[in-house]
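Remarks on the overall topology
Chain by chain, the residues run as shown.
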There are 2 protein chains.
Amino acid sequence: MKVSDIGEFKLIQRLHAIIKTRCVPPVWEEAGRYPLVLDIGDDTAAWNTSGSLELCTTDTLVHGVHFTMRDATWREVGWKALAVNYSDIASMGGVPLYILVSLGLPGETLVRDVEELYSGMLDLCQEYGGVIVGGDIVASPVLFVTAAVTGCTEDPVMRRDAARLGDLVAVTGPLGTSSGGLQMLARGLCFDHDTMQTLREAHLRPRPCLVAGRILAQHGVCCSQDISDGLVGDLGNTCKASGVAARIQAERVPLTSSLKEAFPDEALGLALSGGEDYELLFTAPPDEMRAVLPYLPSGAAVIGELIQGVPGTVVVVDAFGHVVPVPLGGWDHFVEALAT
Amino acid sequence: MKVSDIGEFKLIQRLHAIIKTRCVPPVWEEAGRYPLVLDIGDDTAAWNTSGSLELCTTDTLVHGVHFTMRDATWREVGWKALAVNYSDIASMGGVPLYILVSLGLPGETLVRDVEELYSGMLDLCQEYGGVIVGGDIVASPVLFVTAAVTGCTEDPVMRRDAARLGDLVAVTGPLGTSSGGLQMLARGLCFDHDTMQTLREAHLRPRPCLVAGRILAQHGVCCSQDISDGLVGDLGNTCKASGVAARIQAERVPLTSSLKEAFPDEALGLALSGGEDYELLFTAPPDEMRAVLPYLPSGAAVIGELIQGVPGTVVVVDAFGHVVPVPLGGWDHFVEALAT
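Residues numbered from 1 in each chain as written. Chains lettered and ligands numbered in written order. Predicted model: local features only at pLDDT ≥ 70, side-chain atom pairs only at ≥ 80, totals over all residues. Heavy atoms only, no water.

1. Overview of the side chain of S140 of chain B
Going by this rule: The numbering of helices and of strands both runs from the N terminus, where a helix is a DSSP run of H or I of at least 4 residues and a strand a run of E of at least 2. When accessible area is computed with a 1.4 Å probe and restricted to protein chains, residues below 20% of their type maximum are described as buried, those above 50% as exposed, and intermediate ones as partly exposed. Polar contact criterion, stated in full: a pair of N or O atoms within 3.5 Å, where within protein one must be able to donate a hydrogen and the other to accept it, and residues adjacent in sequence count only if both atoms are side-chain atoms. The criterion used for residue contact is that any of the two residues' heavy atoms lie within 4.5 Å.
As for its position among the elements, S140 of chain B is in the loop between strand 5 (131–139) and strand 6 (144–153). Accessibility expressed as a relative area gives 4% for S140 of chain B, which makes it buried. A polar side-chain atom of S140 of chain B sits 2.6 Å from the main-chain carbonyl oxygen of V142 of chain B. Apart from the residues within four sequence positions on either side, S140 of chain B is in contact with V62, V65 and V142 of chain A together with G104, L105 and P106 of chain B.

Right under this line is the structure:
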C-alpha cells in the first residue's frame, strides 16, 4: 500500500496510532515543568509553562507541490512559508515568538534568491512580530522550506474538538480567493489588474488572523481553526473531533467581488472546497457569538450552525433549504500535487 | 553567485546578517515572558521560561544527500533523523521534551516504510525520553525528514563562544567511526562482521550524549558542542566564536579498534575531519576538567588545549610536536553531497 493510496490524513491517523502506543511522556523530572496540553490533531501542540501556554507548529512548502518559481517570487514564497505557520498560531489565539527555518536548496540556487526568501519571512516578522532564531540549511535536489514556530498565550487555547451542538459557525473573512489565485496562476488566466492583484495576493501573501485569534480567545471562544484545506473539509474535521454535524447556508459564505468576477460559476465551489485562505473558522453558542463579533476589527460572517448528525458531516444548503453539491476537496498533498 | 559557490556556512553568515538588521524582538507584551538567551550560531536556540531554560533545534536529512535507502533501513533513518537533533540538545546540557516531525514523501512511498521510519524515531524516544506532538506531511519528489525538538535545562546552557585561553579540550568518545561507516557503505567495503556492525551502527544509529551533557552542565562546564561536522571543523568554529586557537595532540584522539582495523591509514584523518560522530567536544580550565571527568559514565579523552593564535585556528601535532596535516573537511552540504 502506497502513501498515495490512502492520502495524507489517513496516513497521519495511522502514525498517530503508532505514536500513542509507543511514545512515553518525557522521563526526566524536568519535564514536569512543561506538562503537555495538546498534541497531534490540532493546529499546534501546546504545553504549560508556569501560567502561560507555549505553542509549537510546523509547516512545509515544497517547490512544484505548493508553489512554483514560475508563478511566485522568492520573497512571496518566504512570506507564505512563515504565514501558514503564523496562521496555526492565530487559530489557537496565540502570539508568535521564535522561528526555526529549515531550507533544502539545490546547489545551483542563487544566493540572492535565498536572501529574498528570507526577506519575505522578515517582512512577516516585522508586521506580526516573531524572531528567526535558528534552523538548518541542507543540499536537496528540490527546493523546500520548513518553518517551525513557537508562540504563547495566556488564555485557554481554542481547540478543534471543542465545538458544541447548537453553536453558530463563523468565518473571519472571504473564502475561495486564494484558490482562485491558484487557478489563475496555474492556468495562466488574465483578468483586470485589480482582480489579478487581489487573487495573487490572496494566494501568495496570505495574512494570518493573529489579531482576530487573540480577540476570540480573550472573549472565551473555545473552538477555532484556520482554513487551510478548504471550508467544508476543515469544518468536517472540527465536527468529527467534536462529535457533531454542521449545516452551512451557501448564500452567507463571504466571497470577494474579485473572485465572483473572475470565476462567476465556480466562486462558491472554490469558497467551499478551495484551501489556503487562512481565515479563521470558529464556533460559539449564539449569545457568545453575538457578544464577540463587534470586537473583531474586520468582522466575521456567521455562515451556519452545528446540528445533530453523523459526526463530521457538513451539509451546504441554499436559501430555499435545498442541498448544494460541494466540489471534491479539500487539499490532500498526495492527491492534488500541482504539476511543475 | 550560487549557493554551491559559497557553501553552507558562508550562506548562513549572510542570512544571519540580514536577520540581525531586520528581525525585531517580539512586539507583544507576552513575549517578555520568554526572553531570548541564545539564537543563530549555537547548537540550539534558547529562551527563559520562569526559572528554567527552554531549548529548540531543528535538523533535516535528505535522501541522496544524507542517506540512501540502498544503505540504510527506514528505521535507521528515523532514529538518525531524531538523534542528530537530540545531540544538539545534549550539547547544551539539556533534556529533550517535545518533537515536531515534517516529512516530505514521494507518493509511491510505501505506508509500512513510513511506519518503520516512525518506529525508528520512537525507539529513540523510548530510550531517551521525548514525545512526538505534531508535524506536517507533504508530497515531495525527494524523501526528506525534518525534526524540530524542544528541550529544557535548569543549568546555564553550554555555549560555543565560552571557550577560554588555557582551557583543556576533551571529547566524550571515539571519533571517525561514523565516517568510516559512511565510507564502508558508500564504497561497498567488506570487513569482519563485528567491524562492519560497529561502523554501521556508528553511522546510522548514533547515540546522543544526553547523560554526559547533563553532567557537564551540572558541573559548571561552560563550553560544549556536538561533533557533527568533524573535530577540526567544529573545534575551529568554537575557537572562532571564542576568540582563541587550539592545539590538538593527534595521539590522544580516541579511535575505535574497528576504525583502525578497517582503515589503518585513514583512521586519524577520519577522526580529525569526518563528521557525524555526535560525541560532545567540550573545554574547561584544567582544575575543572579534572574535577568533572570522573563523573562521566563513559569517561572522556583530553586531546589538547586552547592557545593564543588567530581565532579559529586548529593545529594538530604528533608526539614529537610536528604538525600533522588535516584532510579537507568537515562536511559542507553543498560541497560533499553523497551521490545517489
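2. Focus: the confidence of the model for chain A
Residues and elements named next belong to chain A. The cut-off we apply is this: Note: pLDDT gives the predictor's confidence per residue, expressed from 0 to 100.
Residues at a pLDDT of 70 or more form 94% of chain A, whose mean pLDDT is 92. Per-residue pLDDT stays below 50 along residues 336–340; that stretch engages in 11 contacts with residues further than four places along the chain or on separate chains. ipTM for the predicted complex: 0.93, alongside a pTM of 0.94.

3. What to know about the environment of L272 of chain B
All names here are of chain B. With respect to the element layout, L272 can be found in helix 9 (residues 267–273). By relative accessible area, L272 is classed as buried at 1%. Spatially, the C-alpha atoms of L272 and L175 are 7.6 Å apart, while their sequence positions differ by 97 residues. Excluding its chain neighbours within four sequence positions, the residues that come into contact with L272 are G230, L231, V232, V253, V316 and V326.

4. Some points on the nonpolar core
Worth spelling out the cut-off: Take the buried residues of types Ala, Val, Leu, Ile, Met, Phe, Trp, Tyr and Cys, join any two whose side-chain atoms come within 4.5 Å, and each joined set is a nonpolar core.
One finds I132 of chain A together with I132 of chain B to be the most contacted residues of the largest nonpolar core, which totals 132 residues. The residues contacting I132 of chain A, other than those within four sequence positions of it, are I99, V101, Y118, M121, L122 and C125 of chain A together with I19, C23 and I40 of chain B.

5. A short note on the sheet that holds strand 8 (residues 223–226) of chain A
All names here are of chain A. Threshold: Pairing between two strands requires that DSSP report at least two bridges joining them. Whenever a helix is involved, its axis is fitted only over the stretch in contact; in every case the axis is a line through C-alpha atoms, and angles between N-to-C directions fall within 0 to 180 degrees.
Here six strands make up an open sheet; going across it, the order is 8-10-7-11-9-12 and the pairing mixed. Looking at the sheet topology across the chains shown, the edges are occupied by strand 8 and strand 12 (314–317). Mean inter-strand twist for the sheet, computed between neighbouring axes without regard to direction, equals 25 degrees. When strand 7 (residues 168–171) meets strand 11 (residues 301–307), the two strands line up antiparallel, connected through four bridges. Across the sheet, V169 pairs through a bridge with G304, a residue of strand 11. Sheet strands in contact with helix 2 (residues 74–91) are strand 8 and strand 10 (280–284), and its direction is about 175 degrees off that of strand 8. Across the sheet, helix 7 (residues 231–242) is in contact with strand 7, strand 8, strand 9 (245–249), strand 10, strand 11 and strand 12; its angle to strand 8 comes to roughly 145 degrees.

6. Description of the packing of aromatic side chains
Our working definition: Aromatic contacts are taken between Phe, Tyr and Trp rings whose centres are within 6.5 Å, Trp giving its six-membered ring; a plane angle under 30 degrees counts as stacked, one over 60 as edge-to-face, and the others as tilted. Both a distance and an angle decide whether a charge sits over a ring: NZ of Lys or CZ of Arg must be within 6 Å of the ring centre and within 35 degrees of the ring normal.
This structure, assessed with the given rule, holds seven aromatic pairs over all chains. Here the aromatic rings of F191 of chain A and F263 of chain A are separated by 5.6 Å at their centres, their planes lie at 65 degrees, and the arrangement is edge-to-face. Placement of the pair is F191 of chain A in the loop between helix 4 (177–187) and helix 5 (193–204) and F263 of chain A in the loop between helix 8 (257–262) and helix 9 (267–273), with a sequence separation of 72 residues. Taking relative accessible area as the criterion, F191 of chain A reaches 24% and is therefore assigned partly exposed. Accessibility expressed as a relative area gives 1% for F263 of chain A, which makes it buried. Residue placement shows R205 of chain B over the ring face of W79 of chain B; its charged tip is 3.9 Å from the ring centre.

7. Thoughts on the pattern of salt bridges
For clarity, the threshold we go by: In the sections that follow, a salt bridge refers to a side-chain nitrogen of Lys or Arg positioned within 4 Å of a carboxyl oxygen of Asp or Glu.
One pass over the structure, following the stated rule, counts 30 salt bridges over all chains. Linking R207 of chain A and E127 of chain A is a salt bridge whose minimum nitrogen-to-oxygen distance equals 2.0 Å. In this pair, R207 of chain A is assigned in the loop between helix 5 and helix 6 (210–218) and E127 of chain A in helix 3 (residues 111–128), connecting sequence segments 80 residues apart. By relative accessible area, which is 42% here, R207 of chain A ends up partly exposed. Residues joined by salt bridges that share partners form a network here, namely R22 of chain A together with R75, E116 and D123 of chain B.

8. Considerations on unusual backbone geometry
For E276 of chain A, which is not glycine, the phi dihedral falls at a positive 70 degrees. Structurally, the position occupied by E276 of chain A is in the loop between helix 9 and strand 10.

9. Some thoughts on helix 2 of chain A
Residue and element names in this part refer to chain A. Where we set the bar: Expected helix span is taken as 1.5 Å per residue step, with the number of steps being one fewer than the number of residues.
Across its 18 residues, helix 2 extends 26 Å between first and last C-alpha, which sits within 8% of the 26 Å expected from 1.5 Å per residue. Among the 18 residues of helix 2, 17 are classified as buried, and the element is accordingly described as predominantly covered. After helix 2 finishes, the residue G93 shows a positive phi value of roughly 85 degrees.

10. What to know about the interface of chain A and chain B
One widely used convention gives an interface's size as the accessible area the parts lose upon coming together. As a reminder of what qualifies: Accessible surface is computed with a 1.4 Å probe, and the buried area is the amount of it that two parts give up when combined, taken over both parts together.
Listed per partner, the contact involves 87 residues of chain A and 87 residues of chain B. Of the roughly 7900 Å² buried between chain A and chain B on both sides combined, carbon and sulfur atoms contribute 68%. Viewed at the interface, chain B and chain A are joined by four salt bridges. In this structure, E115 of chain B and R14 of chain A form a salt bridge, with 2.7 Å as the shortest nitrogen-oxygen distance. Taken together, the links from chain A to chain B amount to 30 residue pairs in polar contact (both at pLDDT 80 or more). Mapped by element, the contributors of at least two residues to the side of chain A that touches chain B are helix 1 (3–22), strand 2 (45–49), strand 3 (52–62), strand 4 (95–105), helix 3, strand 5 (131–139) and strand 6 (144–153) of chain A. With 11 residues, helix 1 of chain A is the single largest residue contributor to the side of chain A that touches chain B.

11. A few points about empty space enclosed by the protein
Unoccupied space between atoms shows up once a probe the size of one water molecule is rolled over them. This is how the line gets drawn: Residues are called lining when one of their atoms sits within 4 Å of a cavity or pocket point, these points coming from a 1 Å grid over the protein atoms alone, where a cavity is a set in which a 1.4 Å probe fits but cannot get out and a pocket is an open set with protein on both sides within 12 Å along at least five of seven lines. Grid points are joined across faces, edges and corners, and a volume is the space filled by probe spheres set on the points. Residue polarity is assigned by list, with Asp, Glu, Lys and Arg as charged and Ala, Val, Leu, Ile, Met, Phe, Trp, Tyr, Cys and Pro as nonpolar; anything else, Gly included, falls into the polar class.
Per the counting criterion, the structure on display carries five cavities of 30 Å³ or more. Approximately 70 Å³ is the volume attributed to the largest cavity. Together, 11 residues line the largest cavity, and F67, T68, D71, L182 and H203 of chain B are the ones closest to its centre. Secondary-structure elements contributing two or more residues to the lining of the largest cavity are helix 4 (177–187) and helix 5 (193–204) of chain B. At three residues, the largest contribution of residues to the lining of the largest cavity is made by helix 4 of chain B. Of the residues in the lining of the largest cavity, the class split is seven nonpolar, three polar and one charged. Going through the elements one at a time, helix 4 and helix 5 of chain A are the ones with two or more residues in the lining of the second largest cavity. Its residues placed into classes, the lining of the second largest cavity shows six nonpolar, three polar and one charged.

12. A look at the sheet that holds strand 1 (residues 36–38) of chain A
Ordered by their spatial adjacency, six strands build an open sheet running 1-2-3-6-4-5 (chain A), and the pairing between neighbours is mixed. If you trace the sheet from one side to the other, it starts and ends with strand 1 and strand 5 of chain A, each paired once. Recorded for the sheet is a direction-independent mean angle of 20 degrees between the axes of neighbouring strands. Taken together, the two bridges between strand 1 of chain A and strand 2 of chain A define a ladder with antiparallel strand orientation. Within the sheet, the bridge partner assigned to L38 of chain A lies in strand 2 of chain A and is A46 of chain A. Taken strand by strand, helix 1 (residues 3–22) of chain B contacts strand 4 and strand 5 of chain A, and its axis lies near 175 degrees from that of strand 5 of chain A.

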